[in-house]
Amino acid sequence: MITFLSGGTGTPKLLQGARRLIPDAEISVIVNTGEDIWYQGGHISPDIDTVIYLFAGSLNTDTWWGIKGDSFVTHEAINRLLPDAFMSIGDKDRAVHLARAEWLRGGMTLTQATKRLCSHFGTDGNILPMSDSEWTTYVRTKEGDIHFQEYWVRHRGNTEITGVVHVPKRQPPATPEVIDAIRRADAVIIGPSNPVTSILPILSCIGVREELAKKKVVAISPFIGDSPVSGPAAQLMKTMGFKPDSTGVQAVYADLVDLFIQDIRDTNLVQGSVRLDTLMKSPDIAEGLMREILSHVS
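Report on the accompanying structure.

Criteria and thresholds
- Residues numbered from 1 in each chain as written.
- Predicted model: local features only at pLDDT ≥ 70, side-chain atom pairs only at ≥ 80, totals over all residues.
- Heavy atoms only, no water.
- Helix = DSSP H or I, 4+ residues; strand = E, 2+ residues; numbered from the N terminus.
- Rg over C-alpha atoms; globule rule 2.2 N^0.38 Å.
- Buried < 20%, exposed > 50% of the residue type's maximum accessible area, 1.4 Å probe, protein only.
- Contact = heavy atoms within 4.5 Å.
- Areas by Shrake-Rupley, 256 points an atom, 1.4 Å probe, with all protein chains shown as cover.
- Lys, Arg positive; Asp, Glu negative; His and termini not counted.
- Charge placed at Lys NZ, Arg CZ, Asp CG, Glu CD.
- Pairing = 2+ DSSP bridges.
- Axes fitted to C-alpha atoms, helices over the stretch in contact; angles between N-to-C directions.
- Core = buried A, V, L, I, M, F, W, Y, C linked by side-chain atoms within 4.5 Å.
- Phe/Tyr/Trp six-rings, centres within 6.5 Å; stacked < 30°, edge-to-face > 60°.
- Lys NZ or Arg CZ within 6 Å of the ring centre and 35° of its normal.

What to know about the overall build of the chain
Here is step 1: When helices and strands are counted, the chain shows 12 helices and 14 strands.
Here is step 2: The globule rule puts the C-alpha radius of gyration for 298 residues at 19 Å, and the 18 Å found for the chain is close to it.
Here is step 3: Here the C-alpha coordinates of the chain stretch approximately 55 × 45 × 35 Å along the principal axes.
Here is step 4: Here the chain holds 298 residues, and 56% of them are scored as buried.
Here is step 5: Partitioning the contacts of the chain with sequence separation of at least 6, the portion at a separation of at least 24 is 67%.
Here is step 6: For the chain, the exposed area adds up to about 13,000 Å²; of that, 50% sits on carbon and sulfur atoms.
Here is step 7: Of the side-chain charges in the chain, 29 are positive and 35 negative, and the distance between the mean point of each set is 1 Å.

Focus: the sheet that holds strand β8 (residues 163-167)
Here is step 1: The three strands lie next to each other as β7-β6-β8, forming an open sheet whose pairing is antiparallel. Across the chains shown, the open sheet's two edge strands, defined by having one partner strand only, are β7 (144-147) and β8. Ignoring which end each strand starts from, the neighbouring axes of this sheet average 40° apart.
Here is step 2: With four bridges connecting them, strand β6 (residues 136-141) and β7 associate as antiparallel partners.

Re the sheet that holds strand β5 (residues 126-129)
Here is step 1: Taken in spatial order, the seven strands line up as β5-β2-β1-β9-β10-β13-β14 in an open sheet, and their pairing is parallel. Both outer strands of the open sheet, β5 and β14 (274-276), are each paired with one neighbouring strand and no more. Neighbouring strand axes in the sheet, compared pairwise and without regard to direction, differ in orientation by 20° on average.
Here is step 2: Summarising the sheet, strand β13 (residues 259-263) and β14 pair through three bridges and their orientation is parallel. Directly across from aspartate 263, in β14, lies its bridge partner leucine 276.

Description of the nonpolar core
Here is step 1: Membership of the largest hydrophobic core comes to 41 residues, with the highest contact counts inside it found for Leu5, Leu203, Leu212 and Tyr253.
Here is step 2: For this core, the elements supplying multiple residues, two or more each, are α6 (148-154), α7 (176-183), β9 (187-190), α8 (195-203), α9 (208-212), β10 (217-220), α10 (233-239) and α11 (246-253).
Here is step 3: With five residues, the single largest contributor to this core is α8.
Here is step 4: Among all residues touching leucine 5, those that are not within four sequence positions of it are Thr11, Ile30, Val188, Ile189, Ile190, Gly191, Ile199, Ile202, Leu203 and Leu212.
Here is step 5: Judged by nonpolar contacts, the second largest core, of 37 residues, contains Leu14, Ile48, Cys118 and Ala187.

Structural notes on the packing of aromatic side chains
Here is step 1: Taken as a whole and assessed by the stated rule, the structure comprises three aromatic pairs.
Here is step 2: Taking the centre distance of 5.3 Å and the plane angle of 70° together, the rings of tyrosine 39 and phenylalanine 86 count as edge-to-face. With tyrosine 39 in strand β3 (residues 37-39) and phenylalanine 86 in the loop between α3 (73-81) and α4 (91-105), this pair connects stretches of sequence that are 47 residues apart.
Here is step 3: Both rings, one in tyrosine 53 and one in phenylalanine 121, keep their centres 5.6 Å apart while their planes meet at 65°; by these two values the pair is edge-to-face. Linking tyrosine 53 in helix α2 (residues 46-56) with phenylalanine 121 in helix α5 (residues 110-121), this pair joins segments that are 68 residues apart in sequence.
Here is step 4: A cation sits over an aromatic face here: arginine 19 above phenylalanine 55, 4.7 Å from the ring centre.
Here is step 5: When the ring centre of tryptophan 103 is taken as origin, the NZ or CZ atom of arginine 116, which lies over that ring, is 5.0 Å away.

In structure tokens, the structure reads:
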């Protein structure tokens, strides 16, 4: 039984390889919800949906978001009416957002809504939101705080930021399902996701760090040299006072991790790390990386 901490696209790429080696029913994925947003009447939970679509075999792996082959008729019509709209949402993807919004407004928890979506898509993986309480990630700019999606999707990360904050300020409790998934795991893998906005929100959920301290934990750096494989991790790491490289990532996770993995091409060596090919350009590479990880935790 392996439990992953996931967000963005890095960890889903690793999951693509893991699913070739481990039955879906033996995989649990604790997913970041800090980037969730209410948008155009729907509730978008991008990191959750990426994992659901991956397990369902319907993920658009060209973009690593949305449903492959989706149409955009509604999006195009809305954009003519609301030209300030900044997120491109496919029709089938939008249906998921709208259904989840209805369920949440009706009193369902995010965990319950996610379970219903997994059932709808026929997925066997145990896909879990980190919390049923909202804890939304904002970045601080000179003009004020903006939602992470505004920063990354509308502005493409080309906005000077001075901090990362969460609303509300009080840390959310991890769900009982999350705690159970950690307790039952033979190992916990922190995937190569953005440490600041994908993984730290999960680690901030009350109860998570305490449970991880009892388990064998593996972390994979999303950096090769001074640059992340994708996304805005470098700028965010600097803003939080960490070096934007694998040494900074190791510092973020230092008190939790038993095995730290960095890429064979990485020029910033972390003492005691294992060097593997982490640049998952294909499912075969992802499978090879996952096979190596399992050999170290078995």
